[in-house]
Structures are given as C-alpha cells and as structure tokens.
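Okay, here's what each chain looks like letter by letter:
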Amino acid sequence: MKRKVALLLATVFVISTLGLAACSPKGNDSGTTPTKAPTTDTDAGTTGAPAGEKQLAVQIGPDPETIDPALNTAVDAGNMLLYSHECLLTVDQNSQIAPGAAEDYKVSDDGLTWTFYLRDGLKWSDGSPLTANDFVYSWKRVCDPNVAAPYAETVLSPVKGFEEAIAGNIDALAVSAPDDKTFVVELSGPCTYFASLAAFATLSPVQQATVETNGDAWATKAETYIGNGPFYVTDWVPGSHIIMSKNPNYWNASAIKLDSIKFALIEDPNASYTAYQNGEVMMIKDVPTEEIPSLQGNPEFHVEPIIGTYYVDLNNGIEPFNNPLVRKALSLAIDREYVANVLMQGTYTPASNFMGPGWVDTDGSSFMANANGGKPYIDTSNFEANLEEAKKLLAEAGYPNGEGFPTFNYSINPAGYHQVVAEYLQQAWAELGITVNVEVVEWSSFTPMRRAGDYQSSRDGWVGDYSDPSNMLGILVSTNGNNNAKYNNPKFDAAMAEAQSLADPVKRSAALHKAEDILMDDAGILPIAYYNDFWLQSEKITGSWHSPYGYWFFMYADIAVDDVEE
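Residues numbered from 1 in each chain as written. Predicted model: local features only at pLDDT ≥ 70, side-chain atom pairs only at ≥ 80, totals over all residues. Heavy atoms only, no water.

Asks: Honestly, the overall build of the chain in this entry has me stumped. Any pointers?
Replies: Scanning the chain from N- to C-terminus turns up 17 helices and 23 strands. Rg of the C-alpha trace for the chain: 24 Å, near the compact-globule value of 24 Å for 566 residues, within the 12% margin. For the chain, the spread of C-alpha atoms along the three principal axes comes to 75 × 55 × 40 Å. Each of the 566 residues in the chain was classed as buried or not, and the buried ones make up 56%. When contacts within the chain are restricted to residue pairs at least 6 apart in sequence, long-range pairs at least 24 apart make up 70% of them. Surface summary for the chain: the accessible area is close to 22,000 Å², and the carbon and sulfur share equals 49%. (Helix = DSSP H or I, 4+ residues; strand = E, 2+ residues; numbered from the N terminus. Rg over C-alpha atoms; globule rule 2.2 N^0.38 Å. Buried < 20%, exposed > 50% of the residue type's maximum accessible area, 1.4 Å probe, protein only. Contact = heavy atoms within 4.5 Å. Areas by Shrake-Rupley, 256 points an atom, 1.4 Å probe, with all protein chains shown as cover.)

Asks: In this structure, what is going on with the packing of aromatic side chains? I would like to understand it.
Replies: For any pair of aromatic rings, the description consists of the separation of the ring centres together with the inter-plane angle of the planes. Counted according to the given criterion, the structure contains 33 aromatic pairs. Every member of this aromatic cluster is reached through a ring pair, and the members are Tyr 105, Trp 114, Phe 116, Phe 135, Trp 139, Phe 183 and Phe 194. The ring of Trp 251 carries Arg 119 above its face, with NZ or CZ at 3.5 Å from the centroid. (Phe/Tyr/Trp six-rings, centres within 6.5 Å; stacked < 30°, edge-to-face > 60°. Lys NZ or Arg CZ within 6 Å of the ring centre and 35° of its normal.)

Asks: Sorry if this is basic, but what is going on with the side chain of His 241 here?
Replies: For His 241, the location among the structural elements is in strand β11 (residues 241–246). For His 241, a relative accessible area of 1% translates into the label buried. A polar atom in the side chain of His 241 sits 2.6 Å from the side chain of Asp 235. Only 2.8 Å separates the side chain of His 241 from the side chain of Ser 240, close enough to count as a polar contact. (Polar contact = N/O pair within 3.5 Å; in protein donor to acceptor, adjacent residues only side chain to side chain.)

Asks: Can you help me understand the sheet that holds strand β8 (residues 175–179) in this one?
Replies: Pairing between sheet strands relies on hydrogen bonds along the backbone, with the strands arranged either parallel or antiparallel. Read across the sheet, four strands follow the order β6-β7-β9-β8 without closing on themselves; strand pairing throughout is antiparallel. The open sheet has two edge strands, β6 (102–107) and β8, and neither has a second partner. Ignoring which end each strand starts from, the neighbouring axes of this sheet average 20° apart. In this sheet, strand β9 (residues 182–186) lies alongside β8 in antiparallel orientation, the contact comprising three bridges. Within β9, the position partnered with Ser 176 by the bridge is Val 184. Helix α2 (residues 132–143) contacts β7 (113–118), β8 and β9 of the sheet and is inclined by roughly 170° relative to β8. (Pairing = 2+ DSSP bridges. Axes fitted to C-alpha atoms, helices over the stretch in contact; angles between N-to-C directions.)

Asks: How do you make sense of the pairing of strand β3 (residues 55–61) when you look at a structure like this?
Replies: Regular strands place side chains that alternate from one sheet face to the opposite one. Extensive coverage of β3 is indicated by the burial of seven of its seven residues. Inspection of the sheet shows β3 paired to strand β12 (residues 260–265) by five bridges, in the parallel sense. Within the sheet, the bridge partner assigned to Gly 61 lies in β12 and is Leu 265. Across two bridges, the pairing between β3 and strand β13 (residues 283–284) is parallel. Paired with Gln 59 across the strands is Ile 284, a residue of β13.

Asks: I would appreciate a short explanation of the nonpolar core in the present structure.
Replies: Formed by 174 residues in total, the largest nonpolar core has its most connected members in Trp 139, Phe 183 and Trp 429. Leaving out residues up to four positions away in the same chain, Trp 139 has contacts with Leu 88, Leu 156, Leu 173, Val 175, Phe 183, Val 185, Phe 194 and Leu 203. (Core = buried A, V, L, I, M, F, W, Y, C linked by side-chain atoms within 4.5 Å.)

Asks: How do you make sense of the side chain of Asn 483 when you look at a structure like this?
Replies: Residue placement: Asn 483 occurs in the loop between α15 (470–473) and α16 (490–501). There is a polar contact of 3.2 Å between the side chain of Asn 483 and the backbone oxygen of Val 477. With residues near it in sequence (within four places) discarded, Asn 483 still touches Ile 475, Leu 476, Val 477 and Ser 478.

Asks: Sorry, what's going on with the packing of helix α9 (residues 324–332) against helix α12 (residues 383–396) here?
Replies: To describe two helices that pack against each other, one gives the angle between their axes and the distance between the axes. Two numbers describe how α9 lies on α12: the axes approach to 8 Å, and their chain directions differ by 155°. Compared by their axis directions, α9 and α12 come out roughly antiparallel. The interaxial crossing formed by α9 with α12 has left-handed handedness. Taking contact as the criterion, the partners of Leu 325, Lys 328, Ala 329 and Leu 332 in α9 are, on α12, Phe 383, Asn 386, Leu 387, Glu 389, Ala 390, Leu 393, Leu 394 and Glu 396. Its residues assigned to classes, the contact of α9 with α12 shows eight nonpolar, one polar and three charged. (Parallel < 35°, antiparallel > 145°, perpendicular 65-115°, else oblique. Left-handed = near helix turned anticlockwise from the far one by under 90°. Nonpolar A, V, L, I, M, F, W, Y, C, P; charged D, E, K, R; others polar.)

Asks: How should the confidence of the model for the chain be read in this particular structure?
Replies: Where the model shows low pLDDT, its predicted coordinates should not be examined in detail. Chain-level statistics for the chain give a pLDDT mean of 90 and a share of 90% at 70 or above. In the model, residues 1–47 has pLDDT below 50 throughout and makes 109 contacts with residues more than four positions away in sequence or in other chains. (pLDDT = per-residue confidence, 0-100.)

Asks: It is not clear to me how unusual backbone geometry should be interpreted in this structure. Could you clarify?
Replies: Keep in mind that most residues, glycine aside, have a negative phi and that most peptide bonds are trans. Cis geometry is found at the peptide bond from Glu 319 to Pro 320, where omega equals 0°. Assignment of secondary structure puts Pro 320 in the loop between β14 (301–314) and α9. Positive phi values are uncommon outside glycine, yet Ser 95 reaches one of about 65°. For Ser 95, the location among the structural elements is in the loop between β4 (89–91) and β5 (97–99). The phi angle at Asn 401 is positive, at roughly 55°, despite the residue not being glycine. Along the polypeptide, Asn 401 turns up in the loop between α12 and β16 (408–412).

Asks: What am I meant to see in the environment of Val 142 here?
Replies: Note on placement: Val 142 falls in helix α2. C-alpha separation for the pair Val 142 and Ala 351, spaced 209 residues apart in sequence, amounts to 33 Å.

Asks: Where do I start with the pattern of salt bridges in this structure?
Replies: Should the charged atoms of two oppositely charged side chains come close, the side chains can pair. The full count for this structure, using the stated rule, is 10 salt bridges. The partner of Glu 388 in a salt bridge is Lys 391, and the shortest N-O contact between them spans 3.9 Å. Taken as a pair, Glu 388 and Lys 391 lie in helix α12 at a separation of three residues, close to a single helical turn. Between Arg 508 and Asp 468 there is a salt bridge; the shortest N-O distance is 2.8 Å. Linking Arg 508 in helix α17 (residues 505–522) with Asp 468 in the loop between β18 (457–463) and α15, this pair joins segments that are 40 residues apart in sequence. (Salt bridge = Lys/Arg side-chain N within 4 Å of Asp/Glu carboxyl O.)

Asks: Before we go on, may I ask you to explain the state of the cysteines in this structure?
Replies: Working definition: the covalent bond between the sulfur atoms of two cysteines is a disulfide. Scanning the model with the defined rule gives zero disulfides in all. Considering cysteine sulfurs only, Cys 143 is the nearest to Cys 87, which forms no disulfide, with 15 Å between them. Here Cys 191 is not disulfide-linked; the sulfur of Cys 143 is the nearest cysteine sulfur, at 14 Å. (Disulfide = S-S within 2.5 Å.)

Asks: Would you mind going over helix α7 (residues 269–277) with me for this structure?
Replies: Helical geometry note: an α-helix holds 3.6 residues per turn, so side chains three or four residues apart project in the same direction. All buried positions along α7 are accounted for by Pro 269, Ser 272, Tyr 273, Ala 275 and Tyr 276. Looking down the long axis of α7, one finds its buried residues gathered within 160° of arc, a one-sided arrangement. Positioned one or two residues after α7, Gly 279 has a phi angle of 80°, which is positive. (Arc of directions from axis to C-beta.)

Asks: In this structure, what is going on with helix α10 (residues 336–343)? I would like to understand it.
Replies: Within α10, burial applies to Arg 336, Val 339, Ala 340 and Leu 343. Looking straight down α10, one finds that the buried residues subtend no more than 120° of arc, so they occupy a single side. Against α9, β15 (349–350), α13 (418–430) and β19 (526–537) lie the buried residues of α10. Two or three places before Glu 337, at the start of α10, stands the capping residue Asp 335, its side-chain oxygen 3.3 Å from that residue's backbone nitrogen. Directly beyond the C-terminal end of α10, a positive phi value near 55° is found at Gln 345.

Quick look at the structure:
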C-alpha cells in the first residue's frame, strides 16, 4: 500500500490500523519509562499509533492464556515474551546462544557451577535497577509449588536442590547472587545444554515488588506489566490488541528502530487474512488454509521448517485410553501421508516418529536418523497394512469392530488445519467402528483445559525450545507440567532420569533413544505430522528473522519507506 507523506516525515512514519485514533506515551523524553502505562484518549479497542510513530502491526495469535513467563506454555505468548523480557542469554539470528542480560558467563571444569556476569546498568522498563538478586527471586519463583509453573521440571531439574524446592523449600534451589552483577547456579550433575535453558523465556527475570504487590494480576494489564526487554507493554485491550513500545531503558535501545509493535489479537484466520489484505497488519501467522494454493509462489508467503510435532493426545488417565492396545489401534488407523500431503497441502510432513527432523543427538548427528535402529516406528507408506493391524489390536483390546467402544470427544481450537484434521479423524476412526464428536474450544480456554486433563482426546503439538531431545521427550515424564496426555510409565521416567544423570554422550544418547522406544511402543501420544511454519509477511519489513523454534524476531526490524510524493 503506497502512502503520500510529507518530506518532513520521510524517515518517521506509521503503518497503523485504518481509521484508528492515536495514543501517546508519556514521560519517555527523560530516558525513563513510567511505572504505569500511558492512558489513551480513545475508547477501548480503537487505540492506534501516534502520527509520526513507526509502528509494526503483526498477528501471531489470539488472546494469550498468560504472558507471565513462569506460567506460559504456548508459542504465541512465547513470541510476545521475546519483546517484553530478556533472559541471561538469548538466541541469535543463526540460532546460536548469545549474550543477553548477561554479557558473559563461565562454567567450572566439572561443569557443575555456572557463573553469569550481568551487564552494567541494567534496568527494568520502569527505570529501576535490575540486579542479580532479581534472577535469584525469579528462578526460585518458577520452583514455587504455589506458582505451579508448567516448565519448572524442564528448566530447573538440573539445578542442585530442585527436588526440595519444588516440594516447597524454594530456598534450597542452588542459585545465588554474590553481588549485584554476578549470578551463580550450581547443578546437581553436568548439563550440556544448560546455556539453552538460561536463554529460555520461563527463566526471564520478573520484578519482585510488582509480582508481590499485584499477585497473578501483575501480568494481566499494561499498568503493572514490568519487564526488561527491548519493548514494554503500553496498551492492552483483550480481544483487540497488545501494544509494546520501545523501552528506552533497554541496554541496547539504540539498536531498536521501531517505536512500537502492535500484536493484533485475532483468532479467526479469515479475519487475519482480511486484516493483512487491508494493510491493517504487515504479518500474519494464521493464514486460512483454503488460501494456500493461491499463495504458492507469492514472495510474501513463507514456509519454513521448525523442530516440532503435531500429535494427538488420548487422555491416558481415563478408560479406554489407559489401554495401550487401544491407543496403538487408533494410531495405526491414521493415514499420515494423506493428512500431511493432502489435507495439510504439503505444508507439514508425515510423522513416523515422535522426535522428528532438527533434533540433535549427543554426537551432533540427527536424533531421528539414529532412532529405532534407523527405521521409522510407523511405516507411513503402508497405510492399508497399518489399518488391518489396527483392527486386530482393537479386537484384542476387547472391542471387535468397535463393539462396546464408548463415543468420545476430540477437542480442538479453531485455527489452522485443526478442523479438517478432526473431521478426517472422525472418518478414520469410524473405519474401526468408533464414533467421535468434535469439540471446538476457544484458545484461551483450550490450553488450560488440556493441561488439567479435562478432556478425552485432543489435538496437541510441541515445538522445540532448544534442540536437545530431552526438551520434547521430557514433557512425557509423569511429573512434568506439560504432560497433557497424562502419560505415566515408570520405565519411561527411569530412562529420562538416567539420561539427565549421565555426562557420557554415548550412554546419554542410548537412554534418550530407549525413552522414545518405550513411548512409541506404548503409543503414549499419536504423532501425526512434523511442523512447518507458514505465514504472510510484507516485503517492506526488513531486518527480521524466523527461528526453527517457531518464533518471529522483529525487535531489530525496520519498515521500508515508500517513495515520497510531494
């Protein structure tokens, strides 16, 4: 969309939502940010960008369940946390670990003590000092059983004292601050990927005074949402948008070119597509699947692989899904080639294993290539044979031709391919004599419902936070807060515990592969397809990148200026 702009505004202009009024931040001229976010002079839902401000509007999802770093488990909110918070370490454009709030770190010779050295003059977005003690508080908070952080076990179990901390004695967690700029972590055993954990959003610093004053509500409104990232929340209208403005107190603020980023909170892909076509947003994650054929070859349409798997949860804690034979039967009745190549139009890849492409084995090779003796767990090319085996397994489980099998619900949220896949599963499982109802749940309710186990069967998926296989296999440990399937096998748990305790890469690899062997033999979850991200993005956005972990990095982006007309 070409605009006429005055020469005076040739380098500072706004891409804003059509017809929206403006709001202006207050108190930024001094280089500090007010504790409270600026007010608007418009009705809720009609806040735009001030004239002359360079604002990038994007759609990466609907209303997030939470943007509390300790509580979030979803990719959409994870994308937002990239802008509002910064961990000790971060991930760069080449997916390599890079300095974040810590400018450097060292690891002891035995691998058990990690010492992080914070940058000079770090501040919160409200202008107050940020010190190493803030990381001590924040990491202990993740272990607090009253907080119930879903990622606690994933990110902090390698730390000495974790078991005591998660049981209630949070001060047992071996993290300390010898001075304001030094943060020390003691591990219970070597952890080769600990730098990746130090870069993961769950371990972002949060401001103790703000959290303790406001409780869980601190992360629900702009006035109290304090962070340390390159942007900070200045306006938040649920169901409409979240606006994050450039944080003048960020240590690298001089490199930030945008004045603000507007996250349009849109759940319906068709509405997202309309907003993109109208120029209201310059990037959308949720593209209507029916539009994909017409978008092939369009330079604004992107498809890139990410490390993750789209799968089905059968609630292992309830009948009849507590029977591995039932789970195997339902798994083998799925034609994964058809789902990925036809229903998903080739934007996903058929999944034969739980752990797909991109996961790195302990020797640096492909974990997937080394799994199951180099053979796929599920032969996706031989569906007819799989279906016959599924029928036999179901009969063996006591439900010949589906007789006596209870009707059950398959739960989805209304986005992407979930609806069309759900309708296919109805048909596929009908071939076994089983009746399935599709239950559609809005996103903000869907994730807590699934995590609580308040469902029968459900679509699910996991995108890697880092490339070590323990990141995804670990979510199926019985005590893990992200174990939505409620899978519980002591042999699997033991294999994962062994993997965590081992420093020897060959033995550790063997333990991780043993864990996947057990999981796939149990059909603890049903892998369907390997993820790719597909999205629309204006070519006017420069300096951004997309990572294999499913994140879009716009913090150092810019917007190309149209030719100026007088």
